[in-house]
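Per-entry structural report
Take a look at the letters that make up each chain.
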Amino acid sequence: MKIYSKIIMMLTAVLVFTACSDDDDFAAGEQEKAGVQSAYFNQNAYLKSIEVEPEAASFDITVSRWNTESAATVGITVVNNEENVFDVPASVSFAAGQADAVLTVTAPRAAEGVNYGLTLGIAEEDRSIYGQGFREIAVDFAILTWEDLGTGYFLDGTVSTYFDVNPSVPMAVNVKKTVTATGECFRFASPLAFVATALDEAGIGYNGYPYNEPGDCDEQEHMIVIDIMSKGPVMRTTELGMDWGYGMFKVSSIDYGIYDKGKGIIAFPAGSLGIEMSNYNPGKPADSANPTYLFLSADAYLSFLEAGDEE
């Protein structure tokens, strides 16, 4: 982490213990039954939103087990297969000592741009006793075709909630767009996951984050996705790909943003995004201190600058 970066906001760390949900049906002290694989889904019962390209109409789900002593096969049940578009293996196999196995689901009959629901369960004779939430998983699946809009510019106002950095530095990003059942959707790789090496070809924005040094970021692709809802834009929870000694940065929407389609600008005013670090305030996002912008083109960003100069 750069030495000029300094914490400007402190949060009190709170250790939170979450009680079991109402659907946990085991008795206190009850143990897994001997000989049963005690299998469960790692993802619990949370809805998983999965979006793939047309040429990759499949996805993987991890199945785990407590009893790893010997090789075994765990049965998979289909609770809901919307419009019968999914092909699901009837079981998943584990080698002796193996705790996790991958179940690959395909969707050969799914149409592009349509959302489909799939709910899977663990066979009763193989499943863990610990709660219905571990024994079923729901998936929201869609095949999407993305249109390449070219270079846009991203201004991040979230990191400055904690660190004394300029929130108005433009970063060049490749913006893609698709249309879903709920409206337009935009995505681009987080530029904060990379060290800035130079300005982009247009000389407008940085390729990467200028406040990163080697080791500050993972240089991996972390896709930032913005859904345009009826009330405004929403940024999906995303890891930014940077760690300045306080854990991975993560952003998420806590209020709706503003989408000016005519000007090609998506804006998240101060307070509309939450920012957290995995080793500092996990699960306790702080309101962003400054606005965050996505400009869908160079013209959109330059027009924004000109309008600001005129005020």
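Details of the structure are given in the entry above.
Rules behind the numbers
- Residues numbered from 1 in each chain as written.
- Predicted model: local features only at pLDDT ≥ 70, side-chain atom pairs only at ≥ 80, totals over all residues.
- Heavy atoms only, no water.
- Helix = DSSP H or I, 4+ residues; strand = E, 2+ residues; numbered from the N terminus.
- Buried < 20%, exposed > 50% of the residue type's maximum accessible area, 1.4 Å probe, protein only.
- Polar contact = N/O pair within 3.5 Å; in protein donor to acceptor, adjacent residues only side chain to side chain.
- Contact = heavy atoms within 4.5 Å.
- Pairing = 2+ DSSP bridges.
- Axes fitted to C-alpha atoms, helices over the stretch in contact; angles between N-to-C directions.
- Salt bridge = Lys/Arg side-chain N within 4 Å of Asp/Glu carboxyl O.

Positionally, E184 belongs in strand β11 (residues 183-189). For E184, a relative accessible area of 13% gives the class buried. Of the polar contacts made by the side chain of E184, one reaches the side chain of Y259; its length is 3.3 Å. Aside from chain neighbours lying at most four places away, what touches E184 is K177, T178, V179, I226, D227, I228, Y259 and K261.

The next subject is the sheet that holds strand β10 (residues 171-180). Pairing in this open sheet of eight strands is antiparallel, and the strands run β13-β12-β11-β10-β9-β20-β17-β16 from one edge to the other. This sheet does not close on itself; its edge strands, each paired only once, are β13 (232-235) and β16 (258-260). Across the sheet, the mean angle separating the axes of adjacent strands is 25 degrees when strand polarity is ignored.

Before going further, it helps to spend a moment on the environment of A123. Locating A123 in the fold gives a position in the loop between β7 (115-122) and α1 (132-135). Owing to a relative accessible area of 6%, A123 belongs among the buried residues under this scheme. Residues A123 and G75 lie 48 residues apart in sequence; the distance between their C-alpha atoms is 4.9 Å. Apart from the residues within four sequence positions on either side, A123 is in contact with G75 and T77.

Scanning the model with the defined rule gives four salt bridges in all. Across the salt bridge formed by D87 and R109, the nearest N and O atoms sit 2.6 Å from each other. With D87 in the loop between β4 (72-81) and β5 (91-94) and R109 in the loop between β6 (100-106) and β7, this pair connects stretches of sequence that are 22 residues apart. On the accessibility criterion, R109 (42% relative accessible area) is partly exposed. Across the salt bridge formed by R236 and D227, the nearest N and O atoms sit 2.7 Å from each other.

The topology assignment puts H222 in the loop between β11 and β12 (223-229). In this structure the side chain of H222 is engaged in a polar contact, spanning 3.5 Å, whose partner is the backbone oxygen of E239. Apart from residues lying up to four places away in sequence, H222 is in contact with F188, A189, S190, A193, E239, L240 and G241.

Within the open sheet, the three strands sit side by side as β1-β3-β6. Their pairing is antiparallel. Strands at the two margins of the open sheet, each flanked by one partner only, are β1 (39-41) and β6. Here the strands of the sheet are splayed against their neighbours by 35 degrees on average, with no regard to which way each runs. Here β1 runs beside strand β3 (residues 58-65); their pairing, made up of three bridges, is antiparallel. By the bridge assignment for β3, F41 is matched with V63.

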